[in-house]
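# Structural description and commentary
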Amino acid sequence: MSTDDLAAGHLQELRRGTVVLACLIRLRTADYGYALLESLNALGITVDANTLYPLLRRLEKQGLLTSEWNTDEARPRKFYRTSPAGERLAETLTGDWKLIDAALSRLTGDDS
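Here the residue numbering is sequential within each chain, running from 1 through the sequence in written order. In view of the model being predicted, local features appear only for residues whose pLDDT reaches at least 70, and side-chain atom pairs are presented and counted only at 80 or more, with totals across whole chains, interfaces and linings using the full set of residues. By convention in this description, side-chain values take in all heavy atoms of the structure and omit both hydrogens and water.

## Things to note about the packing of aromatic side chains
Only Phe, Tyr and Trp rings take part, Trp by its six-membered ring, and two of them pair if their centres are within 6.5 Å. Stacked means planes under 30 degrees apart, edge-to-face means over 60, and tilted covers everything else. According to the stated counting rule, one finds one aromatic pair in the structure shown. Judged by centre distance (5.5 Å) and plane angle (65°), the rings of Tyr 32 and Phe 79 are edge-to-face. With Tyr 32 in strand 1 (residues 31-32) and Phe 79 in strand 3 (residues 77-82), this pair connects stretches of sequence that are 47 residues apart. Remark: a charge is flagged as sitting over a ring if the NZ atom of Lys or the CZ atom of Arg is within 6 Å of the ring centre and within 35 degrees of the ring normal. When the ring centre of Tyr 32 is taken as origin, the NZ or CZ atom of Arg 77, which lies over that ring, is 4.1 Å away. Working definition: helices are DSSP H or I runs of at least four residues, strands are E runs of at least two. Numbering for both runs from the N terminus.

Here it is in structure tokens:
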């Protein structure tokens, strides 16, 4: 296995959890899947549609997101929003993220 393949695999693992947290934070304001995909990518959180849509369905099934169909426009869109349980999880994950970030900064000597 090449170094590039190893790095790609580890980057994928690292990003997997960050996409969940990013969705929970971003969907504090309701939005539909494609707009969420575009906004995350614009922020530098790279996610593929084939990853995002199943993730949204899973988070909804877990009670972390709620959804509602908007049929006011020509094309119906399913809007997602972070649920109260999703908000609690986002707060927990964000707190842990900050602790890990601080620890890594100390570990690398970048804790200025």
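## A word on the environment of Arg 81
Following the sequence through the fold, Arg 81 ends up in strand 3. Contact partners of Arg 81, with chain neighbours within four places excluded, come to Leu 27, Arg 28, Thr 29, Ala 30, Leu 64, Leu 65 and Thr 66. Nitrogen and oxygen atoms within 3.5 Å of one another constitute a polar contact, given that in protein one can donate a hydrogen and the other can accept it, and given that sequence-neighbouring residues count only through two side-chain atoms. Of the polar contacts made by the side chain of Arg 81, one reaches the backbone oxygen of Arg 28; its length is 3.2 Å. Between two residues, a contact is recorded if the distance between any of their heavy atoms is within 4.5 Å.

## Focus: helix 1 (residues 3-26)
Here the expected length of a helix is defined as 1.5 Å per residue gap, with one fewer gap than residues. For helix 1, built from 24 residues, the straight-helix expectation of 34 Å at 1.5 Å per residue is met to within 8% by its first-to-last C-alpha distance of 33 Å. Buried means the residue's accessible area, taken with a 1.4 Å probe over protein chains only, is under 20% of the maximum for its type, while exposed means over 50%, and partly exposed covers the values in between. Thr 18, Val 19, Val 20, Leu 21, Ala 22, Cys 23 and Leu 24 are the residues of helix 1 that are buried. If you follow the buried residues of helix 1, they end up packed against helix 2 (33-42), helix 3 (49-61), strand 2 (65-70), strand 3 and helix 4 (84-108).

## Topic: the pairing of strand 2
Strands were regarded as paired on the criterion that DSSP finds at least two bridges between them. As paired elements, strand 2 and strand 3 share six bridges and run antiparallel to each other. Looking across to strand 3, one finds that Thr 66 is bridged to Arg 81. What sits between the antiparallel neighbours strand 2 and strand 3 is a turn of six residues.

## Points about the nonpolar core
Counting residues in each nonpolar core, the largest one holds 19 residues, and the members touching the most others are Cys 23, Leu 36, Leu 52, Leu 56, Leu 59 and Leu 65. Elements with a contribution of two residues or more to this core: helix 1, helix 2 and helix 3. Nonpolar cores are built from buried Ala, Val, Leu, Ile, Met, Phe, Trp, Tyr and Cys residues. Side-chain atoms within 4.5 Å join them into one set.

## Focus on helix 3
With 13 residues, helix 3 should cover 18 Å at 1.5 Å per step; its first-to-last C-alpha distance of 18 Å lies within 8% of that length. Among the residues making up helix 3, those that are buried are Leu 52, Leu 55, Leu 56 and Leu 59. Angular distribution of buried residues about the axis of helix 3 spans 105°; they occupy a single face of the element. Of the exposed residues in helix 3, those oriented more than 90 degrees away from the buried face are Asn 50 and Lys 61. The inward-facing, buried residues of helix 3 abut helix 1, helix 2, strand 2 and strand 3. For helix 3, the N-terminal capping position is held by Asp 48, with its side-chain oxygen 2.9 Å away from the main-chain nitrogen of Asn 50. Following helix 3 by one or two positions, Gly 63 adopts a phi angle in the positive range, close to 85°. Each direction from the helix axis to a C-beta atom contributes to the arc, which is the arc of those directions.

## Some points on the sheet that holds strand 3
The strand order 1-3-2 describes an open sheet built from three strands, whose pairing is antiparallel. If you trace the sheet from one side to the other, it starts and ends with strand 1 and strand 2, each paired once. As defined by bridge partners, strand 1 adjoins strand 3 across two bridges and the pair is classed as antiparallel. Within strand 3, the residue paired with Asp 31 across the bridge is Tyr 80.

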